[in-house]
Amino acid sequence: MSLLEVENLTKSFSSGRDWLGRRTKMVHAVKGVSFTLERGECLAVVGESGAGKSTVGRMVLRLIEPNSGSVTFDGIDVLATKPKQLRALRQRMQMIFQDPYSSLDPRMTIKDAVAEPLLVHTDKGRVTREKEAVELLDKVGIGSRYLERYPAELSGGQLQRVAIARALTMKPSLIVCDEPVAALDVSVRAQVLNLLRDLQEELGLAYLFVCHDLALVEVIADRVMVMASGEVVETDTTDQIFANPRQEYTKKLLAAIPVPLPRDAQGNRLVAPGKVG
Ligand SMILES: Nc1ncnc2c1ncn2[C@@H]1O[C@H](COP(=O)(O)OP(=O)(O)OP(=O)(O)O)[C@@H](O)[C@H]1O
Ligand SMILES: [Mg+2]
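Quick notes on the rules
- Residues numbered from 1 in each chain as written.
- Chains lettered and ligands numbered in written order.
- Predicted model: local features only at pLDDT ≥ 70, side-chain atom pairs only at ≥ 80, totals over all residues.
- Heavy atoms only, no water.
- Helix = DSSP H or I, 4+ residues; strand = E, 2+ residues; numbered from the N terminus.
- Buried < 20%, exposed > 50% of the residue type's maximum accessible area, 1.4 Å probe, protein only.
- Contact = heavy atoms within 4.5 Å.
- Near = heavy atom within 4 Å.
- Polar contact = N/O pair within 3.5 Å; in protein donor to acceptor, adjacent residues only side chain to side chain.
- Areas by Shrake-Rupley, 256 points an atom, 1.4 Å probe, with all protein chains shown as cover.
- Nonpolar A, V, L, I, M, F, W, Y, C, P; charged D, E, K, R; others polar.
- Pairing = 2+ DSSP bridges.
- Axes fitted to C-alpha atoms, helices over the stretch in contact; angles between N-to-C directions.
- 1 Å grid on protein atoms, 1.4 Å probe; cavity = no way out; pocket = protein on both sides within 12 Å on 5 of 7 lines; lining within 4 Å.
- Points joined across faces, edges and corners; volume = space filled by probe spheres on them.
- Arc of directions from axis to C-beta.

(A) Highlighting the environment of Pro100. Its place among the elements puts Pro100 in the loop between strand E6 (93-96) and helix H3 (110-121). By relative accessible area, which is 5% here, Pro100 ends up buried. Among residues more than four places away in sequence, those in contact with Pro100 are Gly156, Leu159 and Gln160.

Structure, rendered in structure tokens:
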């Protein structure tokens, strides 16, 4: 059994209103999307803006309710779970967003932000909660001098590390990453991406990795699902997508990559080669 099985997901949004204020036009954001994700695997979802990537990611966690289709996580029918079950389930599948600042409470210290899920979802005492939070922050490269600081005092890269630590607090097996490095300075993108990959390996995490930048996808993803206009164009191993793209659309996406991989001034890859292949 796969960790995640998604079948025939469909979502339409109504947008715009007529002169009576009635919602009119329908946007068919996602049309019959199916895929599976294994434990410890990274599946990248790529495609142009508006392809429906984020909508798919959010429907997996049921942050957006699909019109039809099914999502099965670890054998559990996600779309049929009751609110209480869903809250518990969402601890096992987490999400990291593009903008780390908006995903953290500005009035909460870094340490409290990472410890909070333990307060809400477990009966662990304060000392244990703080100890686990400090360990997690250390694991993502946030040192002890930042523990009592607030989000506004940290850089974007540091905040994304904190958001990653917070996502790990409840030991999830799946993290949906929606453009996790797109908002960061180019200089720190590779560092955060490497962190995500190291954590994946160490903790056996599965990622649904939404990303429009194919250069990043090549170093982190085991498989790639290409989407256009709400539909899956093709899904294949990362090696196959880059070496032998079958669809014209995928070829166009590949041709649009300005440089094949992020490199430093000496021409070395800024990110270590992928474990695939
Ligand atoms: N809440 C919403 N209400 C109305 N339309 C929406 C809503 N969310 C998404 N859409 C529309 O659905 C389509 C798919 O959006 P989605 O955000 O999933 O695309 P995306 O592939 O993530 O794009 P991007 O790369 O720009 O993030 C777009 O046409 C978008 O405008
Ligand atoms: Mg998006």
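(B) Fine view of the site of ligand 1. As a structural note, the neighbourhood of ligand 1 is formed by Phe13, Val27, Ala29, Glu48, Ser49, Gly50, Ala51, Gly52, Lys53, Ser54 and Thr55. Interatomic distance of 2.5 Å between a side-chain N/O atom of Ser49 and an oxygen atom of ligand 1. Burial of ligand 1 by the protein amounts to 60% of the accessible area it has alone, namely 640 Å². Counting residues per element, the ones that place at least two in the shell around ligand 1 are strand E2 (26-37) and helix H1 (53-60). Top contributing element to the shell around ligand 1 by residue count: H1, with three residues. A class-by-class count of the residues in the shell around ligand 1 yields four nonpolar, five polar and two charged.

(C) Expanded view of the sheet that holds strand E9 (residues 223-228). Taken together, the six strands give an open sheet; going across it, the order is E6-E7-E8-E3-E9-E10, and neighbouring strands pair in mixed fashion. Of all the strands in the sheet, just E6 and strand E10 (231-237) have a single pairing partner and so form its edges. The sheet shows a mean angle of 15 degrees between the axes of neighbouring strands, taken without regard to direction. Bridge count for E9 against E10 is six bridges, and the pairing is antiparallel. Looking at the pairing, Ala228 lines up with Glu231 of E10. Sheet strands touched by helix H6 (residues 186-203): strand E3 (42-46), E6 and strand E8 (206-210). Its angle to E8, the strand with the most contacts, is close to 155 degrees. Those strands touched by helix H9 (residues 248-255) are E3, E9 and E10, and its axis lies near 105 degrees from that of E9.

(D) How the structure looks around the sheet that holds strand E5 (residues 76-77). Taken together, four strands build an open sheet; the order of strands is E2-E1-E4-E5 and the sheet is antiparallel. At either margin of the open sheet sits one strand with a lone partner, and together these are E2 and E5. Judged from the eight bridges that link them, strand E1 (residues 4-14) and E2 form a sheet pairing that is antiparallel. Each bridged residue has a counterpart across the sheet, and for Ser12 the counterpart in E2 is His28.

(E) Inspection of the layout of surface pockets at higher detail. Looking at the second largest pocket, its volume works out to about 430 Å³. Around the second largest pocket sit 19 residues that line it, and Arg90, Gln91, Gln94, Met95 and Arg166 are the ones nearest its centre. Elements that contribute at least two residues to the lining of the second largest pocket include exactly helix H2 (83-92), E6, H3 and helix H5 (156-168).

(F) Fine view of H9. Every buried residue of H9 is listed here: Thr250, Leu253 and Leu254. All buried residues of H9 fall inside an arc of 100 degrees around its axis, so they share one side. Those residues of H9 that are exposed and angled more than 90 degrees off the buried face are Glu248, Lys252 and Ala255. On its buried face, H9 sits against E3, helix H7 (214-220), E9, E10 and helix H8 (238-243).

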